[in-house]
Every structure is written in C-alpha cells, then in structure tokens.
Amino acid sequence: MAEENGGAPQVKMSVLAQHVRDMSFENMVAQKGVTGTEVQPDITVAVSLDARKRAQDHQFDVVTKFKVTSKNKVNGDTLFLLECDYGGIFHVEGVPEDQLHPFLLIECPRLLFPFVRRIISDVTRDGGFPPLNIDTVDFLALYRTELARRAQAQAAAAPQGAPN
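Structural notes, computed from the coordinates. Remember, it's a predicted structure, so these values are computed and weren't measured experimentally.

Quick look at unusual backbone geometry
- If you check the backbone angles, H58 has positive phi at about 65 degrees while not being a glycine.
- By secondary structure assignment, the location of H58 is in the loop between β4 (41-53) and β5 (59-72).

Written out as structure tokens, the structure is:
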C-alpha cells in the first residue's frame, strides 16, 4: 500500500454495491378515506445507522435506516409512514482501527444519502403526496449524539457510591 503524508497509510474507499434492504410505505389517507378536514402535515424523520464487517477482507455493510412519519397538525391523524433501510457494501483500506467506526458511520452514509433521499422523494410522490425532499443529514452530529447517549447510559448504569 502506498504511503503518503509522512508515512500514514493512504485511505482507499470504494462503493461495491448499493441496495434497498427493506422498505415499506403506508398511505393512511388512502386506507381510511379522504376526510374533509384541513391538512397541515407535520413530518418527522428518524435516522439510525448500522455497520458490520463482512467475511471478505476490508469489506463492510453499512445500512442507513430512515423512518419518516407525516401527521396532520390539525387532528393528529397519521397521513403516511415510510420506512426505508438503504445499504451499501464498502471496501475500505488504510483507515486506522481506532478511526474505522466513525469512518463507517459518518463517511459511508454520507455517500449513500443522495440515493436514499431520491428514493424517499419518489416513494412519497408515487404514494399520492408531494415529493418529500428530506434535509441533508449531518452524520457527524448524529454520530456525536449517539456517543453522548451511550456515555450517559453507561454512566447511569454504573453502580452508585462506588469508591473513586
């Protein structure tokens, strides 16, 4: 492997495949029938990430999971629910072991995001709603928030009154 930047290994990453692992769309308006009430959508987007090493050297499965819920602000009824697990298989070399976890959960989802955004837009449009173009996700902030949440949970689980 070529060495650059004062002996540090050069990072190499390539996307080997992308795929929809799982997806569902529920149009509650169509299921319940259209009512005469005014519709003011309130949309929430929840994002979670997962990364796993594959059997092959330097290959990783990275999955971004989106759960999009649209509720009517007027009466609280759910308009639609979309869940999409979008994954990629990545070949990654030259990333130090201590930096691999953040690399997989920040950089890889960043590359997948434009594709899953397009899928979400198309599915909502094809489901009878205006196309939903979700805002760009800050995967670095998401990663930091998850680290803080885990640290807080670990601190809460630590025995109280233990000697320091």
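Looking at the packing of aromatic side chains
- For the coordinates displayed, the defined rule picks out five aromatic pairs.
- With a centroid separation of 6.2 Å and 40 degrees between ring planes, the pair formed by F66 and F113 is classed as tilted. Of this pair, F66 sits in strand β5 while F113 is found in helix α2 (residues 97-126), placing the two residues 47 residues apart along the sequence. Neither residue differs from the other here; F66 and F113 are each classed as buried.
- Measuring from centroid to centroid gives 6.2 Å for F113 and F139, while their planes differ by 70 degrees, and the two rings are edge-to-face. Of this pair, F113 sits in helix α2 while F139 is found in helix α3 (residues 139-157), placing the two residues 26 residues apart along the sequence.
- Of the aromatic side chains, those joined through ring pairs into one cluster are F25, F80 and F129.
- When the ring centre of F60 is taken as reference, the NZ or CZ atom of K53 above it lies at 5.1 Å.

Comments concerning the sheet that holds β5
- Ordered in space as β3-β6-β5-β4, the four strands form an open sheet in which the pairing is antiparallel. Looking at the sheet topology across the chains shown, the edges are occupied by β3 (12-27) and β4. Sheet twist, expressed as the mean angle between neighbouring strand axes with direction ignored, is 15 degrees.
- Both β5 and strand β6 (residues 78-93) contribute to a ladder of 13 bridges, which runs antiparallel. Bridging from a neighbouring strand, T69 pairs with L81 of β6.
- α2 rests against β3, β4, β5 and β6 of the sheet, and its axis sits at about 140 degrees to β6.

Concerning the pattern of salt bridges
- In total, this model carries eight salt bridges according to the counting rule given.
- The salt bridge partner of E146 is R150, with a shortest N-O separation of 3.0 Å. Taken together, the residues span about one helical turn, with E146 and R150 both in helix α3 at a distance of four residues.
- According to the relative accessible area criterion, E146 is partly exposed, its value standing at 28%.
- Residues joined in a network through salt bridges with shared partners are R118, D122, R125 and D126.

Calculation criteria
- Residues numbered from 1 in each chain as written.
- Predicted model: local features only at pLDDT ≥ 70, side-chain atom pairs only at ≥ 80, totals over all residues.
- Heavy atoms only, no water.
- Helix = DSSP H or I, 4+ residues; strand = E, 2+ residues; numbered from the N terminus.
- Phe/Tyr/Trp six-rings, centres within 6.5 Å; stacked < 30°, edge-to-face > 60°.
- Buried < 20%, exposed > 50% of the residue type's maximum accessible area, 1.4 Å probe, protein only.
- Lys NZ or Arg CZ within 6 Å of the ring centre and 35° of its normal.
- Pairing = 2+ DSSP bridges.
- Axes fitted to C-alpha atoms, helices over the stretch in contact; angles between N-to-C directions.
- Contact = heavy atoms within 4.5 Å.
- Salt bridge = Lys/Arg side-chain N within 4 Å of Asp/Glu carboxyl O.

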